[in-house]
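# What the coordinates show
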Amino acid sequence: MKAKMQQVQWIALAVSGLLVGAVFLEPAMALPVDVETGVPFSFDNREVNAALVTLYENDPAIWKPEQLFLIGMCYAVEQRLDEALAVFEKLHAQDPSNPRFLTDLGNIHHMKGELDEAERLYQQAWQESRYATALKQLAVLYVQTKGSASLEPLVGDLLEYRSGHPESLEIQKLLLMYSLQSPDIEAGGRVYARVARSLSKETIEENEDLRRLVLLATLRFKEAADTKAAAGGAETADVETDD
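Summary of the structure given here. (Residues numbered from 1 in each chain as written. Predicted model: local features only at pLDDT ≥ 70, side-chain atom pairs only at ≥ 80, totals over all residues. Heavy atoms only, no water.)

## Some details on the overall build of the protein
The secondary structure content of the protein amounts to twelve helices and zero strands. Moving toward the C terminus, one meets the helices and strands of the protein in the order α-α-α-α-α-α-α-α-α-α-α-α. Looking at the protein as a whole, 42% of its 243 residues are labelled buried. Within the protein, contacts between residues at least 6 apart in sequence are counted, and of these 50% link residues at least 24 apart. (Helix = DSSP H or I, 4+ residues; strand = E, 2+ residues; numbered from the N terminus. Buried < 20%, exposed > 50% of the residue type's maximum accessible area, 1.4 Å probe, protein only. Contact = heavy atoms within 4.5 Å.)

Following this line, the structure appears as structure tokens:
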């Protein structure tokens, strides 16, 4: 038992640093394998989650901030949201200006259904530090609660981030979703055009969700262009008839 606990402690030390900057609560992160079983470490492994939490609860004082982040993740995956909130509040208190900890707090409030507080924390992390994960989480919150058209206040920020990080497919997808749902067809078309120009054919073909969004947006704006052209032709015909 002692050897097993030492092994789990080693895993905690090894992976905690790797989690910094990772997308919060990704369903199955690829992490180092268990040296005895060859099974990849994953937050889906409830036995490991429980062992790490037990280690923490036996002596919370010895855990460093990067390890507390791991414990908070384990609590969250196990849906022990009050305990997760306490861990991330502790981290935030230790480093109030750290945007990752603000975003972590926002994630827990988001999971608890406390959406106004989640939105406030995401906004703070983005506005104060331009922390991209907070922007993405804020956009996801808007889409979930208000629909894709509600992204309009964030479009400028999303485009700003995308221009420096064209490889960020999550941002590209959010912008395409906005272009599809925006009631302003011209504004949506401008966003679509900027995203489409930045994507290679290979990138589109390799990602099914992205390919579907590009196809739908292309159809929407082609139809809009055709309708506008037809209307223009009809107006021209009317003028010629009047003459």
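## Some thoughts on the packing of aromatic side chains
Considering all chains together, one arrives at four aromatic pairs under this definition. When the centroid spacing of 6.2 Å and the interplanar angle of 80° are considered together, the rings of Tyr 56 and Trp 63 count as edge-to-face. We classify Tyr 56 as buried; its relative accessible area is 10%. Ring geometry for Phe 69 versus Phe 88: centroids 6.2 Å apart, planes at 65°, classification edge-to-face. Placement of Phe 69 in helix H3 (residues 65–77) and of Phe 88 in helix H4 (residues 81–94) is noted, with a sequence separation of 19 residues between them. On the accessibility criterion, Phe 88 (0% relative accessible area) is buried. Across the ring face of Phe 69, the terminal group of Arg 100 is positioned such that the distance to the ring centre comes to 4.1 Å. Lys 146 extends its terminal NZ or CZ atom over the ring of Tyr 142, reaching a point 4.3 Å from the ring centre. (Phe/Tyr/Trp six-rings, centres within 6.5 Å; stacked < 30°, edge-to-face > 60°. Lys NZ or Arg CZ within 6 Å of the ring centre and 35° of its normal.)

## Looking at the environment of Leu 158
Looking at where Leu 158 falls in the secondary structure, it is placed in helix H8 (residues 155–164). Distance from Leu 158 to Leu 135, taken between C-alpha atoms, is 7.6 Å for residues 23 residues apart in sequence. If sequence neighbours within four positions are ignored, Leu 158 has contacts with Leu 135, Ala 139, Ile 171 and Leu 175.

## Focus on the packing of H3 against H4
Packing of H3 against H4 brings their axes to within 8 Å, and their N-to-C directions diverge by 160°. Classified by the angle between their axes, H3 and H4 sit roughly antiparallel to one another. With respect to the hand of their crossing, H3 and H4 are arranged in left-handed fashion. Contact residues: H3 offers Pro 65, Leu 68, Phe 69, Ile 71, Gly 72, Met 73, Tyr 75 and Ala 76, while H4 offers Leu 81, Glu 83, Ala 84, Val 87, Phe 88, Lys 90, Leu 91 and Gln 94. Here the residues of the contact of H3 with H4 are counted per class, giving twelve nonpolar, two polar and two charged. (Axes fitted to C-alpha atoms, helices over the stretch in contact; angles between N-to-C directions. Parallel < 35°, antiparallel > 145°, perpendicular 65-115°, else oblique. Left-handed = near helix turned anticlockwise from the far one by under 90°. Nonpolar A, V, L, I, M, F, W, Y, C, P; charged D, E, K, R; others polar.)

## Examining the pattern of salt bridges
Counted under the stated rule, the structure contains eight salt bridges. Across the salt bridge formed by Arg 80 and Glu 57, the nearest N and O atoms sit 3.0 Å from each other. Here Glu 57 lies in helix H2 (residues 46–58) and Arg 80 lies in the loop between H3 and H4, a separation of 23 residues in the sequence. Judged by its relative accessible area of 31%, Arg 80 is partly exposed. Exposure remark for Glu 57: the relative accessible area of 40% places this residue in the partly exposed category. When the shortest N-O distance is used, the salt bridge between Lys 112 and Asp 82 registers 2.7 Å. Of this pair, Lys 112 sits in the loop between helix H5 (99–111) and helix H6 (115–129) while Asp 82 sits in helix H4, and the two are 30 residues apart along the sequence. Residues joined by salt bridges that share partners form a network here, namely Glu 57, Arg 80 and Glu 83. (Salt bridge = Lys/Arg side-chain N within 4 Å of Asp/Glu carboxyl O.)

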